[in-house]
Amino acid sequence: MLKVTMQPRVNGFLLLLDTIRASARTRRFRRRVPSLLLACASFYPSLGSGSFSGAHAAPAAAQTETAQWRPALRYSPAAHWMNDPNGPILLNGLWHLYYQYNPAGMVWGHTSWGHATSRDLLHWQEQKVALPASPGRDIFSGSVVLDQRNRSGLGTPGKPALLALYTTVFNRDPNHPDGTQAQSLAISRDQGGHFEPHDRNPVLTLNPDSKQFRDPSVIWYAPGQYWVMTTVVADAQVVKLYRSKDLIHWDFLSDFQPNGYRKPGMLWEMPVLIPLPLDGRTRDMRWIMIVSVNPWSIAGGSGVQYFIGHFDGTHFTADDLPPRGADPSAYHWLDHGADNYAAIRLANTKDGARCLVSWMNNWAYADRLPSFPWRGQMSLPVCLSLETRAGQPVLLQAPVPDYARLVQSHAPRAFPSRVIAPGETMQIGMKQRVQDISLMLRSEKEGVAKLILRRSDDGHEGTTLRYDFGNQLLTLDRSHSGRTDFSPDFSPVHIAHIAPQRGVLTLHVAIDRSSVEVFANGGEVRMTDLVFPDSHSTGLSLSADRAAITIDRLRVAELAP
């Protein structure tokens, strides 16, 4: 299946800068070449000031709060920088979300675990920092496990231990070279409010020490009665798998490093291994290996790739890999928009649902976003399923059930079926900025359907969602979505190939104050983009080109101002 996307950069100088930006999260890099970054920044203004500790943000006094872009149904911290989600878990009916957080500024640094809680994954309360950085110890990404049966021995009767497995970056430590990354353990005895590092950290290191060994994700493997950890050596583009009976002592299982899509400077991060039944049949379990890549994703900059395959308790084997040298579009991408990274599994879900949440951002311009006094937000959490389509397993994504219930509680407006002729426009007035739109599209010929989301009254501003029945291309265009001038890397157009099902394309669009998330054909294709529109741009229009378009089951809900 052919998918079309924007071409990655080929200019040698820009490639060098992409490589520099991708490497800048390593302590070794920041120590050696800050002067090179500053020199490059004078030629390439979008080079991330949040990517190294010597960066300078604009003075706070010169900035105005941008409440018009504060998300209503996606988490954002009250202030300061946020990136990867860490260890989301459900405890006694309350969701805990941890995340990479700089409590001291608007750019990446001082990496700690921020903390927020929610009853419905949509409305969040920020809590105190749960796992703070300390002198010589930065706290990178990881996951959280509820040790129900006290296999670690760290709990007490009636009070199972809540354990965080995360990456520590060591500096000024006599046992590790500066910049060493290793996996550590921390214990919470107050239901996730605060974690205390284990006194024998780290619990897992490489030999020799590595400056790129990070992002542990842990699941329980029932057939073997042990825990499985996936980590990465980021610059080697390899996932390393380990096993443990007690979450403290870890044994190596295998490496996952398939032939495939590789580029100079590409980093692999945040590996997640998830089992899914194919077509709901628990006897036909498949496994999904999710890996975030930066840069060189399908939409440019950072993104999330995944592999469908099998796991036997030791090795993960991907099925049907494209041949070496294949176009990036031949691979599986979790999202064809620009702003989905560091996807991570929600733990301890009801009924064993497999769900994800992501950082809604892109490392290509993350430190330049115009929001203030915060920078960064999470995506809408989604649940996963695996379904056979056209003879192949297809990963589907849908917003979590709490979101569907919220939409229904707002009494969506339903519109009768309508045929829109070429050149005709249907306009729908809306007053609120947070919206949910669903519809079905048909065309007897090779028509083009166009929706303009968050449209201004004069039509000069809006995000365009277009489907071309002739070429089977879905396009999300944010070139006129509002504020776009903060970075030349804020890519304007994202494209994916998707075929109608029995002549019909279904669309579900979830819009917040500064984002658009699109789910096509039941989540077969997902597109997530940040947008920064004027607060008065709230309208919706639908039109057709080349041939008539039939619109069925159009429903629109207004969810929040």
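Placed above this text is the structure.
About the cut-offs
- Residues numbered from 1 in each chain as written.
- Predicted model: local features only at pLDDT ≥ 70, side-chain atom pairs only at ≥ 80, totals over all residues.
- Heavy atoms only, no water.
- Helix = DSSP H or I, 4+ residues; strand = E, 2+ residues; numbered from the N terminus.
- Buried < 20%, exposed > 50% of the residue type's maximum accessible area, 1.4 Å probe, protein only.
- Contact = heavy atoms within 4.5 Å.
- Areas by Shrake-Rupley, 256 points an atom, 1.4 Å probe, with all protein chains shown as cover.
- Arc of directions from axis to C-beta.
- Salt bridge = Lys/Arg side-chain N within 4 Å of Asp/Glu carboxyl O.
- Core = buried A, V, L, I, M, F, W, Y, C linked by side-chain atoms within 4.5 Å.
- Pairing = 2+ DSSP bridges.

Quick word on the overall build of the protein chain
- Counting its secondary structure elements, the protein chain contains four helices and 35 strands.
- Among the 561 residues that make up the protein chain, the fraction classed as buried is 61%.
- Contacts in the protein chain between residues far apart in sequence, at least 24 positions, make up 62% of those at least 6 positions apart.
- Accessible surface, the protein chain: about 21800 Å² in total, of which carbon and sulfur atoms supply 51%.

Structural notes on the side chain of H198
- Relative to the helices and strands, H198 is located in the loop between β8 (196–197) and β9 (213–221).
- A relative accessible area of 13% means that H198 is categorised as buried.
- Not counting residues within four places of it along the chain, the set of residues in contact with H198 comprises L154, L185, A186 and I187.

Regarding helix α4 (residues 401–409)
- Every buried residue belonging to α4 is among Y403, L406 and V407, and all of these are buried. Buried residues of α4, seen end-on, are gathered within an arc of 100° and therefore sit on one face of the element. Exposed residues lying more than 90 degrees from the buried face of α4 are R405, Q408 and S409.
- Buried residues along α4 sit in contact with β22 (392–399), β26 (434–442), β31 (504–512) and β35 (549–560).
- One or two residues past the end of α4 sits A411, with phi positive at roughly 45°.

Describing the pattern of salt bridges
- Taken as a whole and judged by the stated rule, the model has 22 salt bridges.
- Salt-bridge contacts for D552 lead to R442; the nearest nitrogen and oxygen are separated by 3.1 Å. Here the residue D552 occupies a position in strand β35, and R442 occupies one in strand β26, the gap between them amounting to 110 residues.
- Here R442 falls in the partly exposed class, since its relative accessible area comes to 28%.
- A salt bridge links D468 to R546, with the nearest nitrogen and oxygen atoms 2.8 Å apart. Residue D468 is located in strand β28 (residues 463–468), and its partner R546 is located in the loop between β34 (539–545) and β35; the two are separated by 78 residues in the primary sequence.
- When salt bridges with common partners are traced through the structure, they connect R74, D335, D512, E517 and R526 into a single cluster.

Here we look at the nonpolar core
- Ranked by size, the top nonpolar core spans 40 residues in total, and within it L241, F256, W268, M289 and F316 carry the most contacts.
- Every element with two or more residues in this core is listed here: β9, β10 (226–233), β11 (238–244), β12 (251–256), β13 (267–278), β14 (281–294), β15 (303–311) and β16 (316–318).
- Leave out the neighbours within four places in its chain, and L241 touches V228, M229, T230, D251, F252, L253, S254, F256, L273, M289, F311 and T314.
- Ranked by size, the runner-up nonpolar core spans 38 residues in total, among them Y101, A116, F140 and V357.

Structural notes on the sheet that holds strand β3 (residues 112–118)
- Spatially, β4-β3-β2-β1-β20 is the arrangement adopted by the five strands of the open sheet, whose pairing is mixed. The open sheet is flanked by β4 (124–126) and β20 (374–375), the only strands paired with a single partner.
- Two elements, β3 and β4, share three bridges in a ladder whose sense is antiparallel. When the sheet's bridge partners are listed, T117 is paired in β4 with Q125.

So, the pairing of β31
- Counting buried positions over the nine residues of β31 gives seven, a clear majority of the element.
- Two elements, β26 and β31, share eight bridges in a ladder whose sense is antiparallel. By the bridge assignment, D436 is partnered in β31 with A510.
- The sheet contact formed by β31 and strand β32 (residues 515–520) spans six bridges and is antiparallel. If you follow H508 over to β32, its bridge partner there is F519.
- In this structure, the hairpin formed by β31 and β32 is closed by a connection of two residues.

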